[in-house]
Amino acid sequence: MKKFLFTAMFAMLLLTLAACGGDNSSEAKGEASSGNEVELVAKNWEFAEESYTVPAGDVTISLKNEEGYHGITIDGTDVKIDGEGKATAKLEPGEYTVKCNIPCGEGHGEMSTKLIVE
Ligand SMILES: [Cu+2]
């Protein structure tokens, strides 16, 4: 009986590992095929990166709040995300300023990053 349990657990572990491996490879593929997607990460009171770069065209922008509660607007576009979420916009090449649009505290006024569309 014990041996059976051990075998079952080992099989589950293998399945779990296989599932993880599968996820990783599909993620890598996703990145290669959907370059027009960019994820911005917001913290108190800055974005994780000083700039984000995406190819021009239909761009899907998503926002993740790692710390605090923030939103974004992108100057010169209709993109607006409150809290976490996604927005898609057709973007021409250029440099766009991304600002936090939720009064999130003392550093709110300087909370911005750049979206570089190539
Ligand atoms: Cu803010």
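Residues numbered from 1 in each chain as written. Predicted model: local features only at pLDDT ≥ 70, side-chain atom pairs only at ≥ 80, totals over all residues. Heavy atoms only, no water.

### Some remarks on the coordination of the copper ion
To be explicit about the condition: Coordination shells were defined by N, O and S atoms within 2.8 Å of each metal, extended to 3.2 Å for Na, K and Ca; water is absent from the atom set, which can make sites look incomplete. Residue exposure (1.4 Å probe, protein chains only): buried if accessible area is under 20% of the type maximum, exposed if over 50%, otherwise partly exposed.
The copper ion binds to the protein through Cys100 (SG), Ile102 (O), Cys104 (SG) and His108 (ND1); the donor distances cover 1.8 to 2.3 Å. The sequence pattern describing where the donors of the copper ion fall on their chain is C-x1-I-x1-C-x3-H. A relative accessible area of 8% places Cys100 in the buried class. With relative accessibility at 17%, the residue Cys104 sits in the buried group.

### Quick look at the sheet that holds strand β6 (residues 80–82)
Convention followed: Whether two strands pair depends on DSSP finding at least two bridges between them. Helix and strand labels come from DSSP, where a helix needs a run of H or I of at least four residues and a strand needs a run of E of at least two; each type is numbered from the N terminus. Helix axes are fitted to C-alpha atoms over the stretch in contact, other axes to C-alpha atoms as well, and angles between N-to-C directions run from 0 to 180 degrees.
Read across the open sheet, the five strands follow the order β3-β9-β8-β5-β6; overall the sheet is mixed. Unpaired on one side and paired on the other, β3 (51–54) and β6 mark the two borders of the sheet. Averaged over all adjacent pairs, the angle separating strand axes in this sheet is 20 degrees, with direction ignored. Judged from the three bridges that link them, strand β5 (residues 71–74) and β6 form a sheet pairing that is antiparallel. Counted as the bridge partner of Thr73 is Lys80 from β6.

### So, the nonpolar core
Here is the rule we go by: We call a set of buried Ala, Val, Leu, Ile, Met, Phe, Trp, Tyr and Cys residues a nonpolar core when their side-chain atoms join them within 4.5 Å. Any two residues whose heavy atoms approach within 4.5 Å at even a single point are treated as in contact.
Val38, Leu40, Phe47, Ile61, Ile72, Leu91 and Leu115 are the most contacted members of the largest nonpolar core, which has 24 residues in total. Mapped onto this core, the elements with two or more residues apiece are β1 (37–43), β3, β4 (57–65), β5, β7 (85–91), β8 (94–100) and β9 (112–117). Beyond its immediate sequence surroundings of up to four residues, Leu91 is in contact with Ala56, Gly57, Val59, Ile61, Thr77, Tyr96, Leu115 and Val117.

### Some words on the pattern of salt bridges
Applied cut-off: We define a salt bridge as a side-chain nitrogen of Lys or Arg found within 4 Å of a carboxyl oxygen belonging to Asp or Glu.
A full pass over the atoms with the stated rule returns four salt bridges. A salt bridge links Glu95 to Lys114; the nearest nitrogen and oxygen atoms lie 3.9 Å apart. In this pair, Glu95 is assigned in strand β8 and Lys114 in strand β9, connecting sequence segments 19 residues apart. On the accessibility criterion, Glu95 (54% relative accessible area) is exposed.

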